[in-house]
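What follows is each chain in one-letter form.
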Amino acid sequence: MDSIRDAINNGASGEQLAAIPLPGTYRAAVIEKQDEAMFAGVATRDKDPRKSIKLREVPVPELAPDEAVVAVMASSINFNTVWSAIFEPISTFGSLARFARESSWAKRHDLPYHVVGSDGSGVVLRVGSAVRNWKPGDRVTIHCNHVDDQDPSAHDDSMLGANQRIWGYETNFGGLADLTVVKANQLMPKPAHLSWEEAAVNALCNSTSYRMLVSQNGARMKQGDVVLIWGATGGIGAYAVQYVLNGGGIPVGVVSSPDKARILREMGCEAVIDRSKGNYKFWNEDDTHNESEWRRFGGDIRALVGEDPDIVFEHPGRSTFGASMYVVKKGGTVVTCAATSGFMLEFDNRFFWMRLKRLVGSHFANYREAYEANRLIAKGMIDPVISQTFPLSQAGEAAWQVHRNLHEGKIGVLCLAENEGEGVTDHELRAKVGETRLRRFRR
Ligand code: NAP
């Protein structure tokens with residue numbers, strides 16, 4: 001791997017990279033099947049990814065005809081790696097075993113270890129015999145939508161594909177590693193003005209927010225829409241704020257600290273709610289909902305922007321969902337992609353039907369949506385929201401930070417890249433975007 005890293009850092013050509021032999025094994029952050037029960041009886045909050053995520057040397061998998069081997073320069077932590085690492089709500093080894101039943105190539109994924117991670121930036125080293133659009137030497141970012149393109153159900157919106165999976169969560173050989181094997185239709189051009197780690201943090205969260213707000217498959221945001229964004233400096237929220245501002249909307253960002261409120265204001269989000277100050281009690285002690293607190297929250301939004309939200313960008317789930325469904329405007333839309341605080345949700349259906357609201361479920365993004373979201377990054381119209389970077393050997397610590405909400409924006413992970421700041425090739429665009437924007441989330 002050292003010779004591959006050196007060659008990339010020295011600007012080797014595609015032919016030169018293709019001539020370097022692949023190693024037999026590579027470094028990877030894995031969880032192990034033998035640990036599936038290690039957190040039995042432990043409260044979710046205390047399940048510790050630092051115990052379950054381990055750095056191992058693992059064999060390089062065989063390459064299928066429609067795949068590429070990518071040298072991963074950097075990756076990032078997504079919440080799905082937290083879920084894998086705490087084996088909640090299910091162990092991902094069950095998903096790998098189910099996947100393995102589909103084909104001989106899928107069988108490769110069913111192993112006693114799971115290389116986790118669903119983001120990556122790097123350089124293509126090899127392509128399978130059926131790959132047409134990519135070649136060794138291409139600098140890429142990787143999106144996580146893994147689809148079977150021979151399945152008819154994947155040919156309207158590939159997120160509706162019967163066999164759609166998330167790479168590095170429901171498949172093996174994920175991005176928190178020095179190498180990965182991905183489908184060629186997961187590859188996108190690396191934004192040239194960004195370093196490896198800046199380029200690595202976007203694909204999963206940026207594409208998710210793009211689909212939720214901008215795509216025809218999501219909430220179909222339009223100019224002037226008021227959009228309430230939970231976790232507005234978190235992974236998906238920080239991209240959502242940028243989409244609302246770019247699209248001529250009015251973001252109302254909810255965060256939980258003065259520092260996060262400051263970042264939001266610097267981004268141009270004027271309406272900010274610090275939920276730690278608001279201290280909303282949407283749930284009573286006896287697990288019944290508290291409508292007067294929903295009303296107080298709605299009043300705080302109106303006090304800031306003078307009206308109810310057209311759209312609520314929802315993902316905390318059980319803690320907030322009832323309030324989200326209540327405060328959204330008559331005829332408005334709640335779009336949700338997650339349930340961090342619990343997936344059994346409760347809301348008052350009377351306010352939903354009498355006020356003709358819409359609820360839209362959303363999950364990652366199809367290739368086209370991910371590509372368009374990546375294009376906006378590459379043009380400097382949406383910025384990465386990286387706050388800090390960890391080495392691959394500390395992937396567990398990085399996942400712990402996300403699990404315990406100790407972070408802002410995105411956490412990058414250096415894989416083959418040894419130093420931050422490497423990999424920039426378009427210095428002119430970088431200067432135009434400016435370090436203030438690119439470093440807004442940096443600690
Ligand atoms: P993140 O970086 O941890 O940010 C989430 C933010 O939400 C937190 O920083 C926190 O912000 C806020 N939050 C957390 N719990 C909350 C609660 N109980 N009440 C109110 N706010 C709360 O995570 P992320 O990357 O944005 O992901 C968020 C969720 O979306 C995760 O569950 C993740 O698995 C899911 N997700 C789904 C998809 C998909 O394709 N379906 C894609 C990406 C992410 P404050 O403390 O500042 O309020």
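In this text, all values refer to a predicted model and were calculated from it rather than measured experimentally. (Residues numbered from 1 in each chain as written. Predicted model: local features only at pLDDT ≥ 70, side-chain atom pairs only at ≥ 80, totals over all residues. Heavy atoms only, no water.)

What about the overall build of the chain?
Next, step 1: Looking only at helices and strands, the chain features 18 helices and 18 strands.
Next, step 2: A globule of 443 residues ought to have a C-alpha radius of gyration of about 22 Å, and the chain, at 21 Å, matches this closely.
Next, step 3: The principal-axis extent of the C-alpha atoms belonging to the chain is close to 65 × 50 × 40 Å.
Next, step 4: Within the chain, residue pairs in contact and separated by at least 24 positions form 74% of the contacts whose partners lie at least 6 positions apart.
Next, step 5: Computing the positive centroid from 51 side-chain charges and the negative centroid from 54, the chain places the two 3 Å apart. (Helix = DSSP H or I, 4+ residues; strand = E, 2+ residues; numbered from the N terminus. Rg over C-alpha atoms; globule rule 2.2 N^0.38 Å. Contact = heavy atoms within 4.5 Å. Lys, Arg positive; Asp, Glu negative; His and termini not counted. Charge placed at Lys NZ, Arg CZ, Asp CG, Glu CD.)

Side note on the side chain of Ser257
Next, step 1: Its place among the elements puts Ser257 in the loop between strand S12 (250-255) and helix H10 (258-267).
Next, step 2: For Ser257, a relative accessible area of 18% translates into the label buried.
Next, step 3: Each residue touching Ser257, except ones within four places of it in the same chain, is listed here: Asp274 and Ser276. (Buried < 20%, exposed > 50% of the residue type's maximum accessible area, 1.4 Å probe, protein only.)

Considering the domain arrangement of the chain
Next, step 1: Domain boundaries in the chain define domain 1 (2-205 + 365-438) and domain 2 (219-361).
Next, step 2: Its C-alpha centre places domain 1 at a distance of 30 Å from the equivalent point of domain 2.
Next, step 3: Tallying the contact residues gives 19 residues for domain 1 and 15 residues for domain 2.
Next, step 4: Considering only the surface of domain 1 that becomes buried against domain 2, Cys205, Ile382 and Glu408 emerge as the three largest contributors, covering 38% of it.
Next, step 5: For the pair domain 1 and domain 2, the number of links is five residue pairs in polar contact (both at pLDDT 80 or more). (Domains from an automatic or database assignment. Buried area = accessible area lost by both parts, 1.4 Å probe. Polar contact = N/O pair within 3.5 Å; in protein donor to acceptor, adjacent residues only side chain to side chain.)

Examining the sheet that holds strand S16 (residues 358-361)
Strand-to-strand pairing in sheets goes through backbone hydrogen bonds, with the strands running parallel or antiparallel.
Next, step 1: Reading across the sheet, the six strands line up as S13-S12-S11-S14-S15-S16 and stay open at both edges, with parallel pairing between neighbours. Because the sheet does not close on itself, it has two edges, and the strands there are strand S13 (271-274) and S16. Between one strand and the next, the sheet's axes are offset by a mean angle of 15 degrees, whatever the strand orientation.
Next, step 2: Against the sheet, helix H8 (residues 203-213) touches strand S11 (226-229), strand S14 (311-314) and strand S15 (333-336), its axis set at about 150 degrees to S14. (Pairing = 2+ DSSP bridges. Axes fitted to C-alpha atoms, helices over the stretch in contact; angles between N-to-C directions.)

Overview of the sheet that holds strand S4 (residues 113-115)
Next, step 1: The three strands lie next to each other as S2-S1-S4, forming an open sheet whose pairing is antiparallel. Strands with a single pairing partner mark the edges of an open sheet, and in this sheet they are strand S2 (54-59) and S4. Across the sheet, the mean angle separating the axes of adjacent strands is 60 degrees when strand polarity is ignored.
Next, step 2: Where strand S1 (residues 25-32) meets S4, three bridges bridge the pair, whose relative direction is antiparallel. From the neighbouring strand, Glu32 faces S4, where its bridge partner is Tyr113.

A few points about the site of the ligand
Next, step 1: Around the ligand, 26 residues are found, and the nearest of them are Ser256, Arg275, Thr340, Phe364 and His407.
Next, step 2: At 3.1 Å, a side-chain N or O of Ser319 approaches a nitrogen atom of the ligand.
Next, step 3: Taking 900 Å² as the accessible area of the ligand by itself, protein coverage stands at 90%.
Next, step 4: For the shell around the ligand, the secondary-structure elements that each account for two or more residues are helix H4 (79-86), H8 and helix H9 (235-246).
Next, step 5: The greatest single-element share of the shell around the ligand, amounting to three residues, is contributed by H8.
Next, step 6: Among the residues forming the shell around the ligand, the class breakdown is eleven nonpolar, 13 polar and two charged. (Near = heavy atom within 4 Å. Areas by Shrake-Rupley, 256 points an atom, 1.4 Å probe, with all protein chains shown as cover. Nonpolar A, V, L, I, M, F, W, Y, C, P; charged D, E, K, R; others polar.)

Some remarks on the pattern of salt bridges
Next, step 1: A full pass over the atoms with the stated rule returns 33 salt bridges.
Next, step 2: Asp259 is paired through a salt bridge with Arg262; the nearest N and O atoms lie 4.0 Å apart. You can see Asp259 and its partner Arg262 sitting in helix H10, three residues apart, about one turn around the helix.
Next, step 3: Taken together, the salt bridges that share partners define one network made up of Glu32, Asp35, Lys54 and Arg56. (Salt bridge = Lys/Arg side-chain N within 4 Å of Asp/Glu carboxyl O.)

Here we look at the nonpolar core
Next, step 1: With 61 residues, the main nonpolar core has Leu187, Leu213, Ile229, Tyr239, Tyr243, Leu264 and Phe364 as its most contacted residues.
Next, step 2: Examining the composition of this core, we find that seven residues originate from one element, H9, more than from any other.
Next, step 3: Of the domains in this structure, domain 1 (2-205 + 365-438) and domain 2 (219-361) are the two that each give at least three residues to this core.
Next, step 4: The contacts of Phe364, once residues within four sequence positions are left out, are His143, Cys144, Asn145, Met159, Ile166, Ala203, Leu204, Ser207, Thr208, Arg211 and Ala370.
Next, step 5: With 27 residues, the next largest nonpolar core counts Ala28, Val69, Met73 and Leu414 among its residues. (Core = buried A, V, L, I, M, F, W, Y, C linked by side-chain atoms within 4.5 Å.)

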